[in-house]
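What the coordinates show
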Amino acid sequence: MTILDCRPFLAVGVSFLAAILIAFSRRYPNVRESWSVIASFIKCGIILSMVPAVLDGNYYEWTLCQLTDTVGFTLRTDPAGMVFAVLASILWVLINFYSIGYMRCNKEKEQTGYFAAFAICMSAVMGIAMAENLLTFFLFYEMLTLASYPLVLHKRNEEALMASRKYLIYTLISGQLFLAGIVIVYCISGTMSFNAGGFLNTSMAPKWVLEVCFALLILAGSVKAAVMPLHGWLPAAMIAPTPVSALLHAVAVVKTGVFCVLRVIGFVFGPKLLAELGIVDVLAWAAAISIIVSSLIALRQDHLKRRLAFSTVGQLSYIVLGAALLTPLSIKGAYLHLVAHAVMKITLFMCAGLIIARTHRNNISELYGIGKKLPITMACFTIASLGVAGMPFLVGFVSKWNLALGALQAGKPLYVLVWVASALLAAAYLMPVCQMVYFRRDPQEHLREYGEVSYRMLIPICITTAMAIVLGVMPNIYPHFYQLATMAADAICVGWNGGWL
């Protein structure tokens, strides 16, 4: 049942309003930061209030205005979108507190612009998660690009300028590809509304037109998802402050990229049409190659944030590969890994930020023996690292288990080997960091100076680590990510069982 309710637009608008209030509170840091925190709690509350009805099979929908004669500026809460919306709203609350601690600890400049841009980014993310059609999705997709640009540029130095330009070039080009694909979809189908299982079919256009359209839309999503070889902007963007890195990797930008891929595969084309076209196999192989190559590159990175960035490239390709396998279990695993990766990677980046803030060291080779100086931080880093490697009883295992079962369901066990190899490589590039901090003595320890502990930074890290453990042991605990992912996958694959064992 569709419930007409303005809450989807309120969830989008509250952080946009906060951005305006933040901008007018430049002279009052406590007031400025309070607006950001209050907005994050309100947004989270609005989103969570809609979860019970969505779990019961209902949809909240609201149209603000008509964009064309047949397409409205409409938001809708389906299970797939709610996975992303709930995840982003919860993590924004935590990253808000972390950002306040980080900005004050490092005495960062342009803090007002940072918090305002951050708030607009979260409005865009909510809009992307709940967009009812491709055009609404595109508008928020481009808003996110423009709002995140000043965050990458935050340091205002030459390196930040080059990184932000690179980021803007990549993402704006991807936006134009996405727009071209949308135009083709509308011309051949007369609609843009997302529909579980897809709304395109072979009777609407020649096969090559559908293939070109799919390529345009997937390329647009893959740029923001940083699938190789379209990943160049992501390592460069690590010049940004650590909370921005956490935003890029865990909540926004790259997550919107893979969410775009999931929407296109599951709600525009659908498994049946993609199986008939056969083009999705190319995407699966590209994702598999990206998983292995990015993991190998991560092994060679000494800069901590860059190593984590290349880890993200590989881990997000898990989601793309799961979607490309077109089975209920692989698609469910893809949505679950959207959650798992966000929780684990935001933990790792927040740990990295605290390490840099306290030790003033960026390179892994310099992290001798800091485990005894930062015991809680490094314990959280270790747990999140094990989760990325797929250790049982952590959230990463749940998603990877479903992805592996999905590969077997599709009759393609080779991809299971890709995930196993990637898990071993993840352990190889993350566990040496833990070995360095716990088992290597710093020969210059008596000369080192350490910054003060910021509990605004430490407490969010502990909470996300606890989430990684709890979701690994009880994956369907409130807010029921597991059930929402299952509902999304079942809706996409209903009525079609081609190629499944």
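Residues numbered from 1 in each chain as written. Predicted model: local features only at pLDDT ≥ 70, side-chain atom pairs only at ≥ 80, totals over all residues. Heavy atoms only, no water.

**Considerations on the nonpolar core**
- Counting 187 residues, the largest nonpolar core has Phe178, Phe269 and Tyr335 as the members making the most contacts within it.
- Setting aside anything within four residues of it in sequence, one finds phenylalanine 178 in contact with Leu134, Phe137, Phe138, Tyr141, Leu216, Leu217, Ala220 and Cys260. (Core = buried A, V, L, I, M, F, W, Y, C linked by side-chain atoms within 4.5 Å. Buried < 20%, exposed > 50% of the residue type's maximum accessible area, 1.4 Å probe, protein only. Contact = heavy atoms within 4.5 Å.)

**Details of the environment of isoleucine 356**
- Here isoleucine 356 is to be found in helix H13 (residues 328-359).
- Take isoleucine 356: its relative accessible area is 13%, and that puts it in the buried class.
- Residues isoleucine 356 and lysine 305, 51 residues apart in the sequence, show an inter-C-alpha distance of 10.0 Å. (Helix = DSSP H or I, 4+ residues; strand = E, 2+ residues; numbered from the N terminus.)

**Some points on empty space enclosed by the protein**
- If you walk through the whole model with that rule in mind, you get one cavity of 30 Å³ or more.
- What the largest cavity holds in volume is close to 70 Å³.
- Leu336, Val339, Ala340, Val395, Val398, Ser399, Leu471, Pro475, Phe481 and Tyr482 are the residues that line the largest cavity.
- Counting only elements with at least two residues in the lining of the largest cavity, the list comes to H13, helix H15 (395-409) and helix H18 (481-493). (1 Å grid on protein atoms, 1.4 Å probe; cavity = no way out; pocket = protein on both sides within 12 Å on 5 of 7 lines; lining within 4 Å. Points joined across faces, edges and corners; volume = space filled by probe spheres on them.)

**Considerations on the side chain of threonine 112**
- Position of threonine 112 relative to the elements: it lies in helix H4 (residues 111-130).
- Take threonine 112: its relative accessible area is 4%, and that puts it in the buried class.
- Not counting residues up to four positions away in its chain, the partners in contact with threonine 112 are Ile22, Ala23, Arg26 and Arg32.

**Considerations on the packing of H13 against helix H17 (residues 455-473)**
- Viewed as axis vectors pointing N to C, H13 and H17 meet at an angle of 150 degrees, and their least axial separation amounts to 9 Å. Taken together, the axes of H13 and H17 are roughly antiparallel relative to one another. H17 is crossed by H13, and the crossing has left-handed handedness. Taken together, the residues of H17 that come into contact with H13 (itself represented by Val339, Val343, Ile346, Thr347, Met350, Cys351, Gly353, Leu354 and Ala357) are Met457, Leu458, Pro460, Ile461, Thr464, Thr465, Met467, Ala468 and Leu471. (Axes fitted to C-alpha atoms, helices over the stretch in contact; angles between N-to-C directions. Parallel < 35°, antiparallel > 145°, perpendicular 65-115°, else oblique. Left-handed = near helix turned anticlockwise from the far one by under 90°.)

**Focus on helix H10 (residues 254-277)**
- Taking 1.5 Å per residue as the helical rise, H10 with its 24 residues ought to reach 34 Å, whereas the 27 Å between its terminal C-alpha atoms falls clearly short.
- When the local axis directions of H10 are compared, the greatest deviation, roughly 90 degrees, occurs at phenylalanine 269, which is followed within four positions by the proline proline 271.
- Most of H10 is tucked away, with 21 of its 24 residues classed as buried.
- Where H10 ends, the next residue or the one after it, glycine 278, has phi of about 75 degrees, a positive value. (Expected span 1.5 Å × (residues − 1). Bend = angle between axes of the 7 residues up to and from the residue.)

**With respect to the sheet that holds strand E3 (residues 72-76)**
- Strand order in the open sheet formed by three strands is E1-E2-E3, and the pairing between neighbours is mixed. Of all strands in the sheet, those bounded by a partner on one side alone are strand E1 (2-4) and E3. Here the average twist between neighbouring strands, direction ignored, is 35 degrees.
- Alignment of E1 against strand E2 (residues 59-66), held across three bridges, turns out to be parallel. Across the sheet, residue threonine 2 finds its bridge partner in E2, namely tyrosine 59. (Pairing = 2+ DSSP bridges.)

**So, the pattern of salt bridges**
- In total, this model carries five salt bridges according to the counting rule given.
- Here aspartate 78 and arginine 263 are joined by a salt bridge, their closest N and O atoms 2.7 Å apart. Of this pair, aspartate 78 sits in the loop between E3 and helix H3 (79-105) while arginine 263 sits in helix H10; the two residues are 185 residues apart in sequence, bridging distant segments of the chain. The residues aspartate 78 and arginine 263 share a single accessibility class, namely buried.
- Across the pair lysine 412 and aspartate 281 runs a salt bridge whose closest N-O atoms are separated by 3.2 Å. Placement of lysine 412 in the loop between H15 and helix H16 (414-439) and of aspartate 281 in helix H11 (residues 280-299) is noted, with a sequence separation of 131 residues between them.
- The class of lysine 412 is partly exposed, set by a relative accessible area of 29%. (Salt bridge = Lys/Arg side-chain N within 4 Å of Asp/Glu carboxyl O.)

**Overview of the environment of alanine 131**
- Among the secondary structure elements, alanine 131 is positioned in the loop between H4 and helix H5 (134-152).
- Its relative accessible area of 2% is what places alanine 131 among the buried residues.
- As a C-alpha pair, alanine 131 and threonine 74 span 57 residues in sequence and 6.4 Å in three-dimensional space.
- Non-local contacts of alanine 131, meaning those with residues more than four positions away in its chain, are made with Thr74, Leu75, Thr136, Phe137, Phe194 and Arg263.

**Thoughts on the pairing of E2**
- In this structure, E2 lies alongside E3, joined through four bridges in antiparallel fashion. Within the sheet, the bridge partner assigned to glutamine 66 lies in E3 and is glycine 72.
- Between E2 and E3, which pair antiparallel one after the other, the connecting turn spans five residues.

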